[in-house]
Amino acid sequence: MTEGVLVTIITAGQAIILALIGLLGVRLGKVKRDVSAARWQVENTHDTNMREENDSRHAETKRWIDDLSDNFTDQIKTLAKDLGGMRAEIRGDRETHRALADRVTHLERKKDS
């Protein structure tokens with residue numbers, strides 16, 4: 001290879017490397033802006049740690065859910081008991097109805113004979 005070709009190759013290589021460095025700089029600038037924005041969103045400006053604050057809120061929410069669950073369970077038990085009572089009443093009513101129907105049938109047969 002001649003000296004002119006080598007100079008051209010080196011010059012072209014430098015141009016490509018400079019272009020890649022420029023693109024990398026643009027990308028790094030965007031990453032830096034994104035990281036800064038994320039840090040601003042996450043960083044606390046008060047005394048408590050974000051993780052501790054979230055843990056505290058989580059515990060409070062869990063207590064609410066547990067209370068609701070306990071209350072709901074108690075209501076289900078009460079409803080089941082009420083439903084059982086209504087079923088027993090309906091059973092009693094059916095037995096009474098059956099007994100009355102049998103009595104009426106017996107009286108009708110006695111009358112017809």
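If you're wondering where the values come from, they're calculated on a predicted model, not measured in any experiment.

Calculation rules
Residues numbered from 1 in each chain as written. Predicted model: local features only at pLDDT ≥ 70, side-chain atom pairs only at ≥ 80, totals over all residues. Heavy atoms only, no water. Helix = DSSP H or I, 4+ residues; strand = E, 2+ residues; numbered from the N terminus. Rg over C-alpha atoms; globule rule 2.2 N^0.38 Å. Buried < 20%, exposed > 50% of the residue type's maximum accessible area, 1.4 Å probe, protein only. Areas by Shrake-Rupley, 256 points an atom, 1.4 Å probe, with all protein chains shown as cover. Lys, Arg positive; Asp, Glu negative; His and termini not counted. Charge placed at Lys NZ, Arg CZ, Asp CG, Glu CD. Patch = residues over 30% accessible without salt bridge, like charges linked within 9 Å, V, L, I, M, F, W, Y side chains within 5 Å. Salt bridge = Lys/Arg side-chain N within 4 Å of Asp/Glu carboxyl O.

1. Things to note about the overall build of the chain
Turning to step 1, where the next piece is worked out: For the chain, the helix and strand inventory stands at 2 helices and 0 strands.
Turning to step 2, where the next piece is worked out: Taking 113 residues into account, the globule formula puts the C-alpha radius of gyration at 13 Å, and the chain, at 43 Å, lies well above it.
Turning to step 3, where the next piece is worked out: Out of the 113 residues in the chain, the part that is buried amounts to 0%.
Turning to step 4, where the next piece is worked out: By element, 61% of the accessible surface of the chain is carried by carbon and sulfur atoms, the whole surface being about 10900 Å².
Turning to step 5, where the next piece is worked out: Mean positive and mean negative side-chain charge positions of the chain (19 and 19 charges, respectively) differ by 6 Å.

2. So, a positive patch on the surface
Turning to step 1, where the next piece is worked out: A surface patch of like charges, here positive, comprises Arg87, Arg91, Arg94 and Arg98.
Turning to step 2, where the next piece is worked out: If you trace the backbone, Arg94 turns up in helix α2 (residues 50-112).

3. Topic: the pattern of salt bridges
Turning to step 1, where the next piece is worked out: Tallied over the full model, the rule gives 3 salt bridges.
Turning to step 2, where the next piece is worked out: For Asp34, the salt bridge identified is with Lys30, shortest N-O distance 3.3 Å. Of the two residues, Asp34 and Lys30 are both situated in helix α1 (residues 3-42); the distance of 4 residues between them amounts to about one turn of the helix.
Turning to step 3, where the next piece is worked out: You can call Asp34 partly exposed: its relative accessible area is 43%.
Turning to step 4, where the next piece is worked out: Taking relative accessible area as the criterion, Lys30 reaches 47% and is therefore assigned partly exposed.
Turning to step 5, where the next piece is worked out: Among the ionic pairs, Asp66 bridges to Lys62, the shortest N-O distance being 3.1 Å. With Asp66 and Lys62 both in helix α2 and 4 residues apart, this pair spans about one turn of that helix.

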